[in-house]
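# Understanding the architecture of this molecule
Spelled out from the first residue to the last, the chains are:
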2 protein chains.
Amino acid sequence: MALYVQKYGGTSVGSIERIEAVADKVKSFHDAGHQIVVAVSAMSGETNRLIGLAKGISENPTPREMDVLVSTGEQVTIALLAMALQKRGVDARSFTGWQVGIKTDSSYMKARIEDIDTSAMRKQLDGGGVVIVAGFQGIDDDNNITTLGRGGSDTTGVALAAALGADECQIYTDVDGVYTTDPRVVPAARRMDKVTFEEMLEMASLGSKVLQIRSVEFAGKYKVPLRVLSSFKEGNGTLITMEEMSSVENPVISGIAFNRDEAKLTLKGVPDVPGVASRILVPISDANIEVDMIVQNVSEDGTTDFTFTVNRSDYQKALKILNSLATELNAREATGTDDICKVSMVGVGMRSHAGVASKMFKVLADENINILAITTSEIKISVVIAEKYLELAVRALHTAFGLDAEEQAE
Amino acid sequence: MALYVQKYGGTSVGSIERIEAVADKVKSFHDAGHQIVVAVSAMSGETNRLIGLAKGISENPTPREMDVLVSTGEQVTIALLAMALQKRGVDARSFTGWQVGIKTDSSYMKARIEDIDTSAMRKQLDGGGVVIVAGFQGIDDDNNITTLGRGGSDTTGVALAAALGADECQIYTDVDGVYTTDPRVVPAARRMDKVTFEEMLEMASLGSKVLQIRSVEFAGKYKVPLRVLSSFKEGNGTLITMEEMSSVENPVISGIAFNRDEAKLTLKGVPDVPGVASRILVPISDANIEVDMIVQNVSEDGTTDFTFTVNRSDYQKALKILNSLATELNAREATGTDDICKVSMVGVGMRSHAGVASKMFKVLADENINILAITTSEIKISVVIAEKYLELAVRALHTAFGLDAEEQAE
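Attention in this report is confined to the structure presented alongside it. All of these numbers come straight from a predicted model, not from anything done at the bench.

With that settled, the discussion passes to the overall build of chain A. Along its length, chain A carries 12 helices and 18 strands. Taken over the C-alpha trace, chain A has a radius of gyration of 24 Å; the compact-globule value for 410 residues is 22 Å, and the two agree within 12%. The principal-axis extent of the C-alpha atoms belonging to chain A is close to 75 × 55 × 30 Å. A burial count over chain A gives 56% of its 410 residues as buried. Looking at charge distribution, chain A has the averaged site of its 41 positive side-chain charges lying 2 Å from that of its 56 negative ones.

Now the structure itself:
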């Protein structure tokens, strides 16, 4: 008998029929003798409907009242799922964030969980019942309703699993696991049976949207085994694990992530004096623009080229700032482009294999793909290339690094 | 400076535009220096939408989960109204039932308020802010969410007013007060400036749907002055008061209520022995049929005719029971009709005026309206007549008892 925390997202509970299907799935685990705690999101579309109501009243509604408003979405789902389980003869009981004692800080709309009181859940579990918890929400020390920010139901699931010492936190979603890359780009992409937390974190930060990055961090910190599965298909999904994998299991490269949502800016011929990087990046960050990659080449003739990437939606704003900086810093020129993308190879096995980078660059060169910038970490190599080469690059790398499925998945 | 509790119903907050209008009204009272506590219902249609979701899952959803579900409706409204007031520069703060500490018993879907903790509201009021409370909801001793039953937001308003010792509980609705009778039937019907609690209770129990009957009882019990006003029109509405009115203010008849939703059943020639009334009514009540009027004539030749009225929707069920009782009790015949209605004259002044009943019967006789049954109380006389005479009877009585407006209301 195991204790599982299962999290079902908005599309998994997006209609009465889907809530019934989730109830079937929960019941089958319960019938098998497991203790089940379910965390659910709002029915898909509901959160946006509620935000639409708020925007009808105010462009800038207060965060406290936004949280009072949007937290109703998950409360609807817990009641409906409890009813569906009760109809199946399962003793199920719903709990809102405050009822289950999910204590957070007071940062409305992006609160962090500080503590969970497990006594009410334990009582229900010990009585043989299923616990259903509203994801995404909690309360602060003054009994104000808070929410964890969008996608926060994953975090709720992981936090519940950590607090209860669950055997596994199962994240049910509309994909059946974590793939070596996006199957829509590479039909030969393979579902991974296992992936390490570090790899998953890199994949998530690179825009692979299977899991909310904070929930992966949280699971890693509290050593909660995390599994991504499909709500709609059978299968074991992908286990995200702290375990050291054997060298057989441990490929050099686990997956290839990519992100189209990037723009690249360069300040050319900027005098290479101490402090110049911060003089460039502080005004950017003051304008609330997040910087992703930063590349600075070695200095020649006392000047350097300083390159960084930002979210594509911030491109025009960043370029304007860079133009005025060019004058101010006596640089040669500010340039940029937003028809680029980032392709990243991720794998813990990379640590012990020096040749990964050179092999990656050769594969791209063989396809006549010019590399515009490079950054590396312990378990990741990212390159910026022209966006038009994205599919070609990802497919070539996927094949070259032996990630293609033996038989193409149907 | 006064402390007002204002309650706004579902149609008053049925759209973003109407919530904005309520915010204007609340702000005008706040600007005038009053302390304001607002209790709100769910936006009109929302509760039915939520019940529809539940019915999609189960014909008999558990009451506990129904309350978790439907209580979200009011939570949406409090957040939106708080935002609308904040946009107007008013310091407003929303409170759910559990946040404001509305303690109830554990009767889901029809809970009764046991206690209200006013400390959180006092803090907000003392700081010059407006308090916005979700109507209709509370929590029991085990932190389960409860609801007061449909229309319970009126009760929330009155209970808040009682707990806070408010100067007045103002119920904003889609009518501008309590009328001498339904203006759709009698165009000359007059809005009353004042009405006593006893009269209001009789009117409410007779199907005059301005206020939920439990809220009137509650207000009477805790001596909370209650005022019914329109959310959409200016005006002073109708004050429901404990005050003794002067004889000038105190007409013999205050209003005429009526109810079409009735059916009449008679067991004829039933042997008139002790206990026969209960032998008839116990099976009716066991079938969950509520009995309204009960009339038993004096006995002739050892048998009597036993007549009672029920809600029209229970007519067929009641008649079936009565038919089998007829055999069992050796009665002559069970009969009934559902094309009847009840017309009631209400007024505290009736106590000291013996001639009201006889005048009423004469007015009806002059119109050739046959009276099928009569019951009386201290401040009410009700007659059952054929439904086709309803409008004629109400108009004739309204005129005969001097209730018509001097000039017809526009």
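We are not done yet, so read on.
Between the two copies, chain B and chain A, the superposition gives an RMSD of 0.1 Å; the rotation angle is 180 degrees and the shift along the axis is 0.0 Å. What the superposition gives is, in effect, a two-fold axis relating one chain to the other. Looking at the rotation axis and the C-alpha trace of chain B, the residue lying nearest is T72 of chain B, at 2.7 Å.

Our next topic: the sheet that holds strand 16 (residues 333-346) of chain A. Residues and elements named next belong to chain A. If you trace the 6 strands from one edge of the open sheet to the other, you get 14-15-13-16-18-17, paired in antiparallel fashion. Sheet topology places strand 14 (291-296) and strand 17 (373-377) at the edges, where each strand pairs with a single neighbour. Along the sheet, successive strands turn relative to each other by an average axial angle of 30 degrees, direction set aside. Two elements, strand 16 and strand 18 (residues 380-386), share 7 bridges in a ladder whose sense is antiparallel. Note that in strand 18 the partner of V346 across the bridge is K380. With respect to the sheet, helix 12 (residues 390-400) is in contact with strand 13 (255-271), strand 16 and strand 18, its orientation differing from that of strand 13 by roughly 120 degrees.

Inspection of the secondary structure assignment puts Q124 of chain A in helix 5 (residues 119-126). Overall, Q124 of chain A belongs to the buried group, its relative accessible area being 9%.

This next bit is on the pattern of salt bridges. Side chains carrying opposite charge are able to pair once their charged atoms draw close together. Following the criterion strictly, the structure yields 41 salt bridges over all chains and no others. Two residues, E234 of chain A and K25 of chain A, come together in a salt bridge whose shortest N-O distance is 4.0 Å. Highlighted residues: E234 of chain A in the loop between strand 11 (226-230) and strand 12 (238-241) and K25 of chain A in helix 1 (residues 16-31), separated in sequence by 209 residues. Judged by relative accessible area, which is 14%, K25 of chain A ranks as buried. Here E46 of chain A ties to R49 of chain B by a salt bridge, and the two come within 3.7 Å at their closest N and O atoms. A residue pair is termed interchain when its members come from two chains, as with E46 of chain A in helix 2 (residues 46-57) and R49 of chain B in helix 2 (residues 46-57). Overall, the relative accessible area of 12% leaves E46 of chain A in the buried class. Residue classification places R49 of chain B among the partly exposed positions, given a relative accessible area of 32%. Several salt bridges share partner residues, and in doing so they unite E20, D24, K87 and R88 of chain A into one network.

This part is about the environment of L281 of chain A. Residue and element names in this part refer to chain A. Its location among the elements puts L281 in helix 9 (residues 276-286). Judged by relative accessible area, which is 18%, L281 ranks as buried. With 41 residues separating them along the chain, L281 and L322 place their C-alpha atoms 9.5 Å apart. Residues in contact with L281, not counting those within four places in the same chain, are V291, I294, F306 and F308.

All names here are of chain B. Burial within strand 11 (residues 226-230) is extensive, with 5 of its 5 residues counted as buried. With burial as the criterion, each face of strand 11 is covered, one bearing L226, V228 and S230 and the other bearing R227 and L229. Where strand 9 (residues 168-173) and strand 11 come together, 5 bridges link them in parallel fashion. Within strand 11, the residue paired with C169 across the bridge is L226. Bridge count between strand 11 and strand 12 (residues 238-241): 3 bridges; the pairing is antiparallel. Looking across to strand 12, one finds that V228 is bridged to T238.

It is worth spelling out the interface of chain B and chain A at this point. Taken together, the contacts link 41 residues of chain B with 41 residues of chain A. Where chain B abuts chain A, roughly 3300 Å² becomes buried across the two surfaces, and 64% of that area is made up of carbon and sulfur atoms. When residues of chain B are sorted by the area they lose upon contact with chain A, I57, M83 and W98 of chain B head the list and together hold 22% of the total. In this structure, the connection of chain B to chain A is made through 2 salt bridges. At the boundary of chain B and chain A, one finds 16 residue pairs in polar contact (both at pLDDT 80 or more). Elements represented by at least two residues in the side of chain B that touches chain A include exactly helix 1 (16-31), helix 2, helix 3 (63-87), strand 3 (92-95) and helix 4 (97-100) of chain B. The residue inventory of the side of chain B that touches chain A, partitioned by class, reads 22 nonpolar, 12 polar and 7 charged.

Let's shift gears to helix 2 of chain A. Note that an α-helix has 3.6 residues per turn; residues three or four places apart therefore point the same way. With 12 residues, helix 2 of chain A should cover 16 Å at 1.5 Å per step; its first-to-last C-alpha distance of 17 Å lies within 8% of that length. All buried positions along helix 2 of chain A are accounted for by E46, T47, L50, L53, A54 and I57 of chain A. On an axial view of helix 2 of chain A, the arc spanned by its buried residues comes to 120 degrees, and they lie on one face. Where helix 2 of chain A is buried, its residues touch helix 3 (63-87) of chain A together with helix 1, helix 2 and helix 3 of chain B.

Residue and element names in this part refer to chain A. A contiguous patch of negative charge, built from E114, D115, D117, D141 and D142, is present on the exposed surface. Along the chain, the position of D141 falls in the loop between strand 7 (137-139) and strand 8 (145-147). We classify D141 as exposed; its relative accessible area is 61%.

Residue and element names in this part refer to chain B. For strand 2 (residues 35-40), a buried count of 6 out of 6 residues is recorded, marking the element as mostly surrounded by other parts of the structure. Here strand 2 shows two buried faces, one formed by Q35, V37 and A39 and the other by I36, V38 and V40. Pairing geometry for strand 1 (residues 3-8) and strand 2, over 6 bridges, is parallel. For Q6, the partnering residue across the bridge sits in strand 2 and is V38.

Before going further, it helps to examine the side chain of S94 of chain A. For S94 of chain A, the location among the structural elements is in strand 3 (residues 92-95). A relative accessible area of 0% means that S94 of chain A is categorised as buried.

Here the focus is the sheet that holds strand 6 (residues 130-134) of chain A. Residue and element names in this part refer to chain A. Taken in spatial order, the 8 strands make up an open sheet running 3-6-2-1-9-11-12-10, and their pairing is mixed. Edge positions in the sheet fall to strand 3 and strand 10 (194-196), since each has one partner strand and no second. Geometrically, the sheet is characterised by an average inter-axis angle of 20 degrees between neighbouring strands, direction not taken into account. Where strand 10 lies against strand 12, 3 bridges are found, and the strand directions are parallel. From the neighbouring strand, V195 faces strand 12, where its bridge partner is I240.

Calculation rules
Residues numbered from 1 in each chain as written. Chains lettered and ligands numbered in written order. Predicted model: local features only at pLDDT ≥ 70, side-chain atom pairs only at ≥ 80, totals over all residues. Heavy atoms only, no water. Helix = DSSP H or I, 4+ residues; strand = E, 2+ residues; numbered from the N terminus. Rg over C-alpha atoms; globule rule 2.2 N^0.38 Å. Buried < 20%, exposed > 50% of the residue type's maximum accessible area, 1.4 Å probe, protein only. Lys, Arg positive; Asp, Glu negative; His and termini not counted. Charge placed at Lys NZ, Arg CZ, Asp CG, Glu CD. Least-squares fit on C-alpha atoms with pLDDT ≥ 70 in both. Pairing = 2+ DSSP bridges. Axes fitted to C-alpha atoms, helices over the stretch in contact; angles between N-to-C directions. Contact = heavy atoms within 4.5 Å. Salt bridge = Lys/Arg side-chain N within 4 Å of Asp/Glu carboxyl O. Buried area = accessible area lost by both parts, 1.4 Å probe. Polar contact = N/O pair within 3.5 Å; in protein donor to acceptor, adjacent residues only side chain to side chain. Nonpolar A, V, L, I, M, F, W, Y, C, P; charged D, E, K, R; others polar. Expected span 1.5 Å × (residues − 1). Arc of directions from axis to C-beta. Patch = residues over 30% accessible without salt bridge, like charges linked within 9 Å, V, L, I, M, F, W, Y side chains within 5 Å. Areas by Shrake-Rupley, 256 points an atom, 1.4 Å probe, with all protein chains shown as cover.

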